[in-house]
Amino acid sequence: MDRRQQETVIADLIRSLGASLKSRRLYPPSHPSVRTPVDKCYSELLRIFADRSELALVITDGTLVFEGVPLFNLTSSLDLFMERLGAIGAPAVIFEKGLTTGDLENFIRFLHETTEQGLSAERIQEILAGMGVTHIRVKLKKDDEDDDAGAAREIYDGAVQAVVSVMQDVRSGRIPSGAESDRVVKDMGGMLRKNRDAILALTLIKNFDEYTYNHSVNVAVLSLSLADSLSLPETEKIEVGVAGLLHDVGKTQLALDLIRKPGGLTDQEFEEIKKHPEEGYVLLGKMSHIRPGSAYMVLEHHMRFDRKGYPKREPDYQFHANSGLISVSDCYDALTTMRSYQKARSPLEALELMKGLGGNSLPADLVAVLTKTMGPYPIGTTVRLNTMEVGVVTATGAAGPTKVALLADRNGAALPKPEIADLTEIIGKAGIVSRAVVGTANPLLYPSAAGAVLAPAAP
Ligand SMILES: [Fe+2]
Ligand SMILES: [Fe+2]
């Protein structure tokens, strides 16, 4: 379907929704003049979903915008639809592949019955869920996004503190409590549901000096988002997140200079390092508020998919079902971090390398899930835009990057400070162009890349 055909289909489906909504004022939901347009809208959406997984329609200044280009062919029923959405407080609506006519009917009911105005995206989402709408969601308002960035940062910092205090307790010979780890992981899970990008973007924090703390939190965030992608039950998600957060806690038993040692390790030093999964397992076993599953995942995070890692086990050793989530997240964060013995790889380089490890040291299916979770241009990727500008991806959606922190202008000149560009926004004098990613750029030419992403939230 080309762009013009898409626009026609979109206008038709919005018109149908508007017509159904208009009739709903006069007739019961089962009346043909309410139902028939819903069926029509459904079949239009199926055409759209033939080659995409979602359809996002944004309302900017009273105009309906699709992928940065306004659709002007409005009718009165189309106006009605947008007016209702706008009044309720939703600046954008996203239809997801897999939706049913029931979703559409309930969405019409939502527009018809909701009398409150200016609701938060969270509240709208709540009402929609209560009405049984599962595949239509509303976009967060910009204010909400800013709030989310702050809240995500607070959760991230709280998680770092939780790891620090567990490790300090261990070093001073105390048995730490797992209550705080459990709490921060639950907060993390809530934030992932609300605004996945806000917290995922923070995994770009790579602290060279305090590597273990940030690495632990990054692995918690990454493994939790994998658990989310796999739709694991809530208790398993928490188990995975806590395991991610505490997976290297056994390293507290190691001398600090060994952890930070530049260059290679001697055989004897490596033997020491290899003890940390078992030390961690024993430690988690003693802590309160820790589920046994988390302890097993910590024990197994370096055993490797082919059982050739450490601690040593027989080839037929049965892993805990979710251990692979920690191993895959651990590997990804380690590869994308600069260490004393390696340069940081770009997210795409790391994923490519991990694909090669699939079936050997890593479970191939989970590498594929991570690749899908991160999208074609993962957060943290340095990209070139159709405008010739260069930036770092700071948020992604199902269809690709949605936000980029611009680092260089169209002439290649570095910007004095990174500027966030919204790829769904219209730019240019003609008002019909939007920025789009056309490929990757060499991150080494733009060394401030990770800093650019985090600058707005950094203390
Ligand atoms: Fe480890
Ligand atoms: Fe690790």
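Use the structure listed above.
Source: prediction; values computed, not measured.

Asker: Would you explain empty space enclosed by the protein in this entry?
Answerer: The rolling of a water-molecule-sized probe over the atoms marks out the regions of remaining empty space. Overall, the coordinates contain one cavity of 30 Å³ or more when judged by the stated rule. Taken together, Val185, Gly189, Leu192, Arg193, Leu224, Asp228, Glu234, Lys237 and Ile238 make up the lining of the largest cavity. Mapped by element, the contributors of at least two residues to the lining of the largest cavity are α7 (179–194), α9 (211–229) and α10 (234–246). A per-element tally of the lining of the largest cavity places α7 first, with four residues. Counted by class, the lining of the largest cavity contains four nonpolar, one polar and four charged residues.

Asker: Can you walk me through the packing of helix α13 (residues 276–286) against helix α14 (residues 292–300) in this structure?
Answerer: Between two packed helices, both the angle of their axes relative to each other and the distance between the axes serve to describe the pair. At a minimum axis separation of 7 Å, α13 and α14 run at an interaxial angle of 170°. With respect to α14, the axis of α13 lies roughly antiparallel. Every residue of α14 that contacts α13 at Pro277, Glu278, Gly280, Tyr281 and Leu284 is listed here: Ser294, Ala295, Tyr296, Val298 and Leu299.

Asker: What is the right way to read the coordination of the iron ion (ligand 1) from this model?
Answerer: A metal bound by six donors in octahedral fashion has ideal angles of 90 or 180 degrees, whereas one bound by four tetrahedral donors has an ideal angle of 109.5 degrees. Surrounding the iron ion (ligand 1) are the protein donor atoms Asp248 (OD), His276 (NE2), His301 (NE2) and His302 (NE2), at 2.1 to 2.3 Å. Geometry at the iron ion (ligand 1) is irregular, judged from the four donor atoms that bind it and their angles of 84 to 176° at the metal. Of note, the iron ion (ligand 1) draws all its donor residues from one chain, in the sequence arrangement D-x27-H-x24-H-H. The metal-metal distance between the iron ion (ligand 1) and the iron ion (ligand 2) comes to 3.5 Å, with Asp248 coordinating both. Note on His301: relative accessible area 4%, which makes it buried.

Asker: Looking at this model, I keep getting lost on the coordination of the iron ion (ligand 2). Mind explaining?
Answerer: Taken together, the protein donors to the iron ion (ligand 2) comprise His215 (NE2), His247 (NE2), Asp248 (OD) and Asp330 (OD), at separations of 2.3 Å. For the iron ion (ligand 2), the four donor atoms in the first shell make angles of 74 to 170° at the metal, so the coordination geometry reads as irregular. Along the chain, the residues that donate to the iron ion (ligand 2) are spaced as H-x31-H-D-x81-D. Judged by its relative accessible area of 0%, His247 falls in the buried class.

Asker: Hey, could you run me through the nonpolar core in this one?
Answerer: One broad rule of soluble globular proteins: the nonpolar side chains tend to lie buried together. Counting 63 residues, the largest nonpolar core has Met188, Val217, Leu245, Leu246 and Met354 as the members making the most contacts within it. Looking at this core, the element that brings in the most residues is helix α6 (residues 142–171), giving 11 residues. Excluding residues that lie within four positions of it along the chain, Leu245 makes contacts with Ala159, Val163, Ser181, Val184, Val185, Ser216, Val217 and Ala220. In this structure, Val38, Leu45, Phe95 and Leu99 belong to the second largest nonpolar core, which totals 38 residues.

Asker: So what exactly am I meant to see when it comes to the pairing of strand β4 (residues 92–96) here?
Answerer: Successive side chains on a regular strand alternate, one facing one side of the sheet and the next facing the other. Within β4, five of the five residues are buried, leaving the element largely enclosed by the surrounding structure. Alternating positions in β4 separate into two faces, Ala92, Ile94 and Glu96 on one and Val93 and Phe95 on the other, with burial throughout. Where β4 meets strand β5 (residues 136–138), three bridges bridge the pair, whose relative direction is antiparallel. Following the sheet pairing, Ile94 is matched in β5 by Arg137.

Asker: Whenever I open this one, the sheet that holds strand β12 (residues 437–440) confuses me. Can you help?
Answerer: In a beta sheet, neighbouring strands are held together by backbone hydrogen bonds and run either parallel or antiparallel to one another. A sheet is described by the order of its strands in space; here five strands give the open sequence β9-β8-β7-β6-β12, paired in antiparallel fashion. The open sheet has two edge strands, β9 (414–422) and β12, and neither has a second partner. Along the sheet, successive strands turn relative to each other by an average axial angle of 40°, direction set aside.

Asker: Would you explain the pattern of salt bridges in this entry?
Answerer: Opposite charge on two side chains allows them to pair when their charged atoms are near. If you walk through the whole model with that rule in mind, you get 24 salt bridges. Note that Lys274 and Glu271 form a salt bridge whose closest N and O atoms lie 3.2 Å from each other. On the accessibility criterion, Glu271 (44% relative accessible area) is partly exposed. Of the charged contacts in the structure, one is a salt bridge between Glu389 and Arg435, with a shortest N-O distance of 2.7 Å. Here the residue Glu389 occupies a position in the loop between β6 (382–385) and β7 (390–397), and Arg435 occupies one in the loop between β11 (433–434) and β12, the gap between them amounting to 46 residues. The exposure classification of Glu389 matches that of Arg435, with both residues buried.

Asker: Would you explain the side chain of Asp330 in this entry?
Answerer: By secondary structure assignment, the location of Asp330 is in helix α15 (residues 323–335). It is Lys251 that comes nearest to the buried, bridge-free Asp330 among opposite-charge side chains, at 6.9 Å. Once residues lying within four places of it in the same chain are set aside, the contact partners of Asp330 are His215, Val219, His247, His301 and His302.

Asker: So what exactly am I meant to see when it comes to the environment of Val138 here?
Answerer: Inspection of the secondary structure assignment puts Val138 in strand β5. A residue is classified by how much of its surface remains accessible, and Val138, at 6% relative accessible area, is buried. Sequence separation between Val138 and Ala90 is 48 residues, and the spatial gap between their C-alpha atoms is 6.0 Å. Leaving out residues up to four positions away in the same chain, Val138 has contacts with Ala90, Ala92, Val93, Ala121, Ile124, Gln125 and Leu128.

Reading the values: the criteria
- Position labels on residues start from 1 in each chain and follow its written sequence.
- Lettering for chains starts from A, numbering for ligands starts from 1, and both go in the order in which the items are written.
- Two thresholds apply to this predicted model, a pLDDT of at least 70 for residue-level local features and 80 or more for giving and counting side-chain atom pairs, whereas whole-chain, interface and lining totals are computed over all residues.
- Side-chain metrics rest on all non-hydrogen atoms present in the structure, leaving aside hydrogens and water.
- A pocket, in this scheme, is an open set of points on a 1 Å grid over the protein atoms alone with protein on both sides within 12 Å along at least 5 of 7 lines, while a cavity is a set where a 1.4 Å probe fits but cannot get out; residues line either one if an atom lies within 4 Å of a point.
- Grid points are joined across faces, edges and corners, and a volume is the space filled by probe spheres set on the points.
- A run of H or I in DSSP counts as a helix once it spans at least four residues, and a run of E counts as a strand once it spans at least two, with each numbered from the N terminus.
- Put simply, Ala, Val, Leu, Ile, Met, Phe, Trp, Tyr, Cys and Pro go in the nonpolar bin, Asp, Glu, Lys and Arg in the charged bin, and everything else, Gly too, in the polar bin.
- Note on definitions: angles span 0 to 180 degrees between N-to-C directions of axes, and those axes are lines fitted to C-alpha atoms, for helices only across the stretch in contact.
- The scheme is simple: roughly parallel for angles under 35 degrees, roughly antiparallel for over 145, roughly perpendicular for 65 to 115, oblique for anything else.
- Contacts are residue-level and defined by heavy atoms, with any inter-residue pair within 4.5 Å sufficient.
- With water omitted from the atoms examined, metal sites may look incomplete; donors here are N, O and S atoms no farther than 2.8 Å from the metal, or 3.2 Å in the case of Na, K and Ca.
- Every geometry call rests on angle ranges, with four donors termed tetrahedral when all angles are between 85 and 135 degrees, four termed square planar and six termed octahedral when opposite donors are over 155 degrees apart and all others are between 65 and 115, and everything else termed irregular.
- Three labels apply to residues, based on accessible area from a 1.4 Å probe with only protein chains included: buried if under 20% of the type maximum, exposed if over 50%, partly exposed otherwise in between.
- We call a set of buried Ala, Val, Leu, Ile, Met, Phe, Trp, Tyr and Cys residues a nonpolar core when their side-chain atoms join them within 4.5 Å.
- In this description, strands pair whenever DSSP reports at least two bridges between them.
- A pairing counts as a salt bridge when a side-chain nitrogen of Lys or Arg comes within 4 Å of a carboxyl oxygen of Asp or Glu.
- Here Asp and Glu are counted as negative and Lys and Arg as positive; His is not counted, and neither are the chain ends.

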